[in-house]
There are 2 protein chains.
Amino acid sequence: MSFALKEIKEARQRISPYVLKTPLLRMPMLDARLGCEVYAKVECMQTTGAFKLRGAFNKLLSLSPEQLKNGVVTASTGNHGRAMAYAAKMLGARATVVMPRTAPQVKIDAVRALGADVVLCGAEERFDVAERIRRESDGTMVPPYNDDVIMAGQGTLGVEIIEQQPDLDAVVVPVGGGGLISGVATAVKESSPRVRVYGADPAVLPAYAQSLKAGRMLTLPFSPTVAEALLCQTPGDKCFPCLQKYVDAVYSVSESFILKGMKLLLTEGKILAEASSCIGVGAAMEKLLPVSTKDKVCFVISGGSVGVEQLRMLEEVEL
Amino acid sequence: MSFALKEIKEARQRISPYVLKTPLLRMPMLDARLGCEVYAKVECMQTTGAFKLRGAFNKLLSLSPEQLKNGVVTASTGNHGRAMAYAAKMLGARATVVMPRTAPQVKIDAVRALGADVVLCGAEERFDVAERIRRESDGTMVPPYNDDVIMAGQGTLGVEIIEQQPDLDAVVVPVGGGGLISGVATAVKESSPRVRVYGADPAVLPAYAQSLKAGRMLTLPFSPTVAEALLCQTPGDKCFPCLQKYVDAVYSVSESFILKGMKLLLTEGKILAEASSCIGVGAAMEKLLPVSTKDKVCFVISGGSVGVEQLRMLEEVEL
């Protein structure tokens, strides 16, 4: 690991003019269902709709004027691409986002609306295409998670949580690529070691839960999941040691409970978040978390990129 | 008017063990669309899903043990009936809620689940039926809005707003029967007279906007509205003087902008609220409110009783 609380605090100084300090809400209406005193860090209310903006700004603000001038590149269909495009626009850098031809038009349009160049290609070749563009432009690659500067940026969310509610007993974080929980766990454990940090990954593709049990990074077979932002077959090699060091456990949540979490948060909590971001709530509903009714538990609601059309999938979900 | 800030503060003392102090959120992601610095008092996160609990508890806690023993009665299909049933359950009083036979089964079930007796009858006779039950049981009628004790209870929301954000320039409140805005305007104006208070009612049934212009209570012809909780043909005679005294203006919002307000709050603000509760946001989107970009404006999001099925109506709404 080559970042720590110090780098996270520096990141916070750096990005604070550009990134919102999102609310941390006490949500008593969810206590009975989740079996603890519920708090939610509603990062779905972050600018561009997700925590990704923290890492993207930390990365771009760490570049030299020369590097910024040459532009930044990433391969992403989701929140990371939008976050990088937004940060680049704010800082006057040229941004290129490589997306598969099959990406939904609405996501392509959203990135273009931020002034980024969108390059469409086949899904399998998107990382190669991004790397070629980077090389030809002498630009900088902005990876979605497996990068110390990105992880330190995401860690600013953990610093805010401890500041907003110092007497928490546990924090529950969605796990996909692993960048968010690496940053948050480092911030939480290095400032308040007694606070437990739990991760939640999809049971159909539990790359982190399995790898942590095995003690080494495994590559799992591809599986689709409703938590599409958490789709990850292999842990990032820079993230994995952070989880080994600082995360108490990662629990694997079934597809149906991920959706139950989303529906409960929406209908009872009145908060709209994407399925991936509700996986911790789903973990509590599935009774996977070692928490008791007196524990103060903060669920990180990491993003809210969801259109109203997608809410139809919740109609048949039973709470 | 026979209640004032004093009675509202007493109400607050009385109801505080039973009612949540809901968050007041700063929502910068809505600033550009609403033309001001946006704050939201998210009362949709209140227990039972709406502000109605404040008035109901204040009313029931003002009754003698003898009166409580004889039970409480109301005619309501919506949030008020549920709030009264919940308060009665907490205080060990028998509750009877009279509903039209045409009420949705889910609303009937919700009130029954709180232990109340539900009496079904024709829609036109429901107030007569409620009054007969009250007389026969020697119980107490709990009116939804046109009652000083109910209004003082709703006013506790105004006290919280000023406490949570003292430097506001304006507060925007949905107007239906008029109980909520009567209480809130009294609390706000008697503690911070410089804060402007605006109401918003449905343009298809603008009972308050028209009556205030005429200087007397008018009765308007019935019209359905998407803001079903705001359906009111005649101002309450106890509410109307409060609005005349303390409300700067009431603006009438078109049906399409009420729905735009609901969609914007959900998709950009990440807050789920019923259409009626989003009418103030709709008013700002329709450019009806005299606010400027530097004004700190608090929108009262009064309730969140909405099922996921109902969100289909937002799919075709353009922002």
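Procedures and definitions
- Residues numbered from 1 in each chain as written.
- Chains lettered and ligands numbered in written order.
- Predicted model: local features only at pLDDT ≥ 70, side-chain atom pairs only at ≥ 80, totals over all residues.
- Heavy atoms only, no water.
- Core = buried A, V, L, I, M, F, W, Y, C linked by side-chain atoms within 4.5 Å.
- Buried < 20%, exposed > 50% of the residue type's maximum accessible area, 1.4 Å probe, protein only.
- Contact = heavy atoms within 4.5 Å.
- Helix = DSSP H or I, 4+ residues; strand = E, 2+ residues; numbered from the N terminus.
- Pairing = 2+ DSSP bridges.
- Right-handed = clockwise from strand over helix to strand, strands pointing away.
- Axes fitted to C-alpha atoms, helices over the stretch in contact; angles between N-to-C directions.
- Salt bridge = Lys/Arg side-chain N within 4 Å of Asp/Glu carboxyl O.
- Phe/Tyr/Trp six-rings, centres within 6.5 Å; stacked < 30°, edge-to-face > 60°.
- Lys NZ or Arg CZ within 6 Å of the ring centre and 35° of its normal.

Caption draft 1: Inspection of the nonpolar core at higher detail. A:Phe299 and B:Phe299 are the most contacted members of the largest nonpolar core, which totals 89 residues. For B:Phe299, the residues in contact, after removing those within four places along its chain, are B:Leu34, B:Cys36, B:Val38, B:Tyr39, B:Ala40, B:Lys41, B:Val172, B:Gly280, B:Val281, B:Ala284 and B:Leu289.

Caption draft 2: View of the pairing of strand β4 (residues 95–100) of chain A. Residue and element names in this part refer to chain A. For β4, a buried count of six out of six residues is recorded, marking the element as mostly surrounded by other parts of the structure. The alternating pattern of β4 places Ala95, Val97 and Met99 and Thr96, Val98 and Pro100 on opposite faces, both of which are buried. In terms of strand pairing, strand β3 (residues 72–75) meets β4 through four bridges, oriented parallel. Within β4, the residue paired with Thr74 across the bridge is Val97. One crossover worth recording links β3 to the parallel β4 by way of helix α5 (residues 79–91), and it is right-handed. Pairing of β4 with strand β5 (residues 117–121), which is carried by five bridges, proceeds in the parallel orientation. Paired with Thr96 across the strands is Asp117, a residue of β5. Handedness of the crossover joining β4 and β5 through helix α6 (residues 105–113) is recorded here as right-handed.

Caption draft 3: Main features of the sheet that holds strand β1 (residues 24–26) of chain A. All names here are of chain A. Strand order in the open sheet made by the six strands is β1-β2-β10-β7-β8-β9, with mixed pairing throughout. Strands at the two margins of the open sheet, each flanked by one partner only, are β1 and β9 (249–253). With direction set aside, neighbouring strand axes in the sheet form an average angle of 25°. By the bridge criterion, five bridges tie strand β7 (residues 170–174) to strand β8 (residues 196–202) in an arrangement that is parallel. The residue of β8 that forms the bridge with Val171 is Val197. Relative to β8, helix α9 (residues 179–191) is tilted by about 170°, and along the sheet it contacts β7, β8 and β10 (296–301).

Caption draft 4: Fine view of the pattern of salt bridges. Residues and elements named next belong to chain A. Evaluation of the coordinates by the stated rule reveals 34 salt bridges over all chains. Note that Asp117 and Arg94 form a salt bridge whose closest N and O atoms lie 3.1 Å from each other. Here the residue Asp117 occupies a position in strand β5, and Arg94 occupies one in the loop between α5 and β4, the gap between them amounting to 23 residues. Using a relative accessible area of 31% as the deciding quantity, one classes Asp117 as partly exposed. Of the charged contacts in the structure, one is a salt bridge between Arg194 and Asp169, with a shortest N-O distance of 4.0 Å. Taken as a pair, Arg194 in the loop between α9 and β8 and Asp169 in the loop between α8 (148–164) and β7 lie far apart in primary sequence, 25 residues in all. Three or more residues are tied together by salt bridges with common partners; here these are Lys41, Glu43, Arg54 and Glu160.

Caption draft 5: How the structure looks around unusual backbone geometry. Of note, A:Thr48 is a non-glycine position whose phi angle comes to about 65°, a positive value. Inspection of the secondary structure puts A:Thr48 in the loop between β2 (37–42) and α3 (52–61). Classification of A:Thr48 by relative accessible area gives buried; the value is 17%. At B:Asp138, a position not held by glycine, the phi torsion is positive, near 55°. Residue position: B:Asp138 is located in the loop between α7 (126–137) and β6 (140–141). With a relative accessible area of 54%, B:Asp138 lands in the exposed category.

Caption draft 6: Representation of the packing of aromatic side chains in the model. Per the stated rule, a full pass over the model turns up eight aromatic pairs over all chains. When the centroid spacing of 5.8 Å and the interplanar angle of 65° are considered together, the rings of B:Tyr198 and B:Tyr251 count as edge-to-face. One end of the pair, B:Tyr198, is in strand β8 (residues 196–202); the other, B:Tyr251, is in strand β9 (residues 249–253), with 53 residues separating them in the sequence. Pairwise contacts between aromatic rings join A:Tyr18, A:Phe57 and A:Tyr86 into one cluster. The ring of A:Phe257 carries the charged tip of A:Lys260 above its face, separated from the ring centre by 5.2 Å. Geometry around B:Tyr39 places B:Arg26 over its ring, the cationic atom sitting 5.4 Å from the centre.

From the geometry alone we can't say anything about function, so treat these as descriptive.
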